[in-house]
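Below, each chain spelled out in residue letters.
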Amino acid sequence: MIDYGRPVVEVARELLGCVVRHGETAGRIVETEAYHHSEPACHAHVGLTPRTRVLFGPPGRAYVYRSYGIHALLNAVAEPEGVGAAVLIRALEPLEGIETMRARRGRTATRDLCSGPGKLTEALGIGLDLDDTPLGDPIEILPRDAPAPPVAVAGGRIGITKAVDLDWRFCVAGSPWLSRPAG
DNA sequence: CATGGGATTGACT
DNA sequence: GTCAATCCCATGC
């Protein structure tokens, strides 16, 4: 099992190489970012509100929220209960159910099915209804069955305006499935 | 109650 | 490279 109750940066590294499954679709995590309530880029920075309740809840649950009014983004809640922190899943290598993914996303190159946080949720059929559900059912995150892949610390996180200097984006080195090339 | 911003994507120039 | 789409919710009056 994966221990989500550890420091969020450790969990972000640990998740690289693990497999996410939802129904018939599955993919290997190749890119993550860490968010912690102590820094202003994290939603939990504002404190405990209805929106951030899940982030402060027990680790190992899904935090799914709507971005730019359009996309659903998938996070894994980390750190002990009471600490607002989560790992954003930013990109996957498609493994199973690729035709289902293609059907959900439209005629799309395999390379573009899961190469972004909004893309992979659409490909796996993950929506806001899965917010605050345990990682295990219906979304599964399986521990690695192989040694940890080489990790590239890709520098700053993407698409944010605050705490841009934190090097909290992690990629599988050399993976062709990233949302953006590693730093 | 009104307002503004955001962890993005895809279409278009 | 630029830009619109679109909605939840925190904040402020």
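Every value quoted in this text rests on a predicted model; they were computed, and no experiment measured them. (Residues numbered from 1 in each chain as written. Chains lettered and ligands numbered in written order. Predicted model: local features only at pLDDT ≥ 70, side-chain atom pairs only at ≥ 80, totals over all residues. Heavy atoms only, no water.)

Draft legend 1. Representation of the pairing of strand E5 (residues 85-96) in the model. With nine of its twelve residues buried, E5 lies for the most part within the structure. One ladder, built from ten bridges, connects strand E2 (residues 25-36) with E5; its direction is antiparallel. What sits directly across from Gly 27, in E5, is Pro 94. Across three bridges, strand E4 (residues 71-77) lies against E5 in antiparallel orientation. Residue Ala 76 lies in a different strand from E5, and its bridge partner there is Val 87. (Buried < 20%, exposed > 50% of the residue type's maximum accessible area, 1.4 Å probe, protein only. Helix = DSSP H or I, 4+ residues; strand = E, 2+ residues; numbered from the N terminus. Pairing = 2+ DSSP bridges.)

Draft legend 2. Structural view of the pairing of strand E8 (residues 169-172). With burial as the criterion, each face of E8 is covered, one bearing Arg 169 and Cys 171 and the other bearing Phe 170 and Val 172. In the sheet, E2 pairs with E8 via three bridges, with the strands oriented antiparallel. Bridging from a neighbouring strand, Glu 31 pairs with Cys 171 of E8.

Draft legend 3. Representation of the protein's contact with DNA strand B within the structure. The local shell around DNA strand B holds 21 residues, among which Tyr 65, His 71, Asn 75, Arg 105 and Gly 159 are the closest. When the atoms of DNA strand B within 4 Å of the protein are sorted by group, sugar and phosphate make up 56%. Arg 105 is positioned with one of its side-chain polar atoms (N or O) 2.9 Å from a phosphate oxygen of DNA strand B. Sorting the residues of the surface near DNA strand B by element identifies strand E3 (62-67), E4, E5 and helix H4 (117-124) as the ones contributing at least two each. (Near = heavy atom within 4 Å. Polar contact = N/O pair within 3.5 Å; in protein donor to acceptor, adjacent residues only side chain to side chain.)

Draft legend 4. Broad picture of the protein's contact with DNA strand C. Around DNA strand C, the surrounding shell consists of Val 46, Thr 49, Pro 50, Arg 51, Arg 66, Tyr 68, Gly 69 and Ile 70. A breakdown of the atoms of DNA strand C within 4 Å of the protein gives sugar and phosphate a share of 62%. One nitrogen or oxygen atom from the main chain of Arg 51 is found 3.2 Å from a phosphate oxygen belonging to DNA strand C. At 3.4 Å, a backbone N or O of Gly 69 approaches a sugar or linking oxygen of DNA strand C. Taken together, the residues that form the surface near DNA strand C break down as four nonpolar, two polar and two charged. (Nonpolar A, V, L, I, M, F, W, Y, C, P; charged D, E, K, R; others polar.)

Draft legend 5. Region of the structure containing the nonpolar core. Among the nonpolar cores identified, the biggest contains 41 residues, and Tyr 4, Leu 15, Ile 29, Leu 92, Ile 139 and Ile 141 are the most heavily contacted of them. Secondary structure elements with two or more residues in this core: helix H1 (8-15), E2, E3, E4, E5, H4, strand E6 (139-142) and E8. Sorting elements by how many residues they give to this core places E5 first, with five residues. Of all hydrophobic cores here, the second largest spans 14 residues; its members include Cys 42, Val 54, Leu 73 and Val 77. (Core = buried A, V, L, I, M, F, W, Y, C linked by side-chain atoms within 4.5 Å.)

Draft legend 6. Region of the structure containing the packing of helix H3 (residues 98-105) against H4. Direction vectors running N to C along H3 and H4 enclose 110°, while the axes themselves pass 7 Å from each other. By the criterion of interaxial angle, the relationship of H3 to H4 is roughly perpendicular. Judged by the sense of rotation from one axis to the other, the crossing of H3 with H4 is right-handed. Within the contact between the two elements, H3 uses Met 101, Arg 104 and Arg 105 and H4 uses Lys 119, Glu 122, Ala 123 and Leu 124. The residue inventory of the contact of H3 with H4, partitioned by class, reads three nonpolar, no polar and four charged. (Axes fitted to C-alpha atoms, helices over the stretch in contact; angles between N-to-C directions. Parallel < 35°, antiparallel > 145°, perpendicular 65-115°, else oblique. Left-handed = near helix turned anticlockwise from the far one by under 90°. Contact = heavy atoms within 4.5 Å.)

Draft legend 7. Representation of unusual backbone geometry. Here the residue pair Asp 137 and Pro 138 is connected by a cis peptide bond, since its omega of 0° sits within 30 degrees of zero. In this structure, Pro 138 sits in the loop between H4 and E6. Of note in this structure, Glu 79 is not a glycine but carries a positive phi near 65°. Locating Glu 79 in the fold gives a position in the loop between E4 and E5. Its relative accessible area of 12% is what places Glu 79 among the buried residues. The phi torsion at Ala 163 lies on the positive side, around 50°, for a residue other than glycine. Structurally, Ala 163 is set in the loop between strand E7 (151-153) and E8. Judged by relative accessible area, Ala 163 falls into the buried class, the value being 18%.

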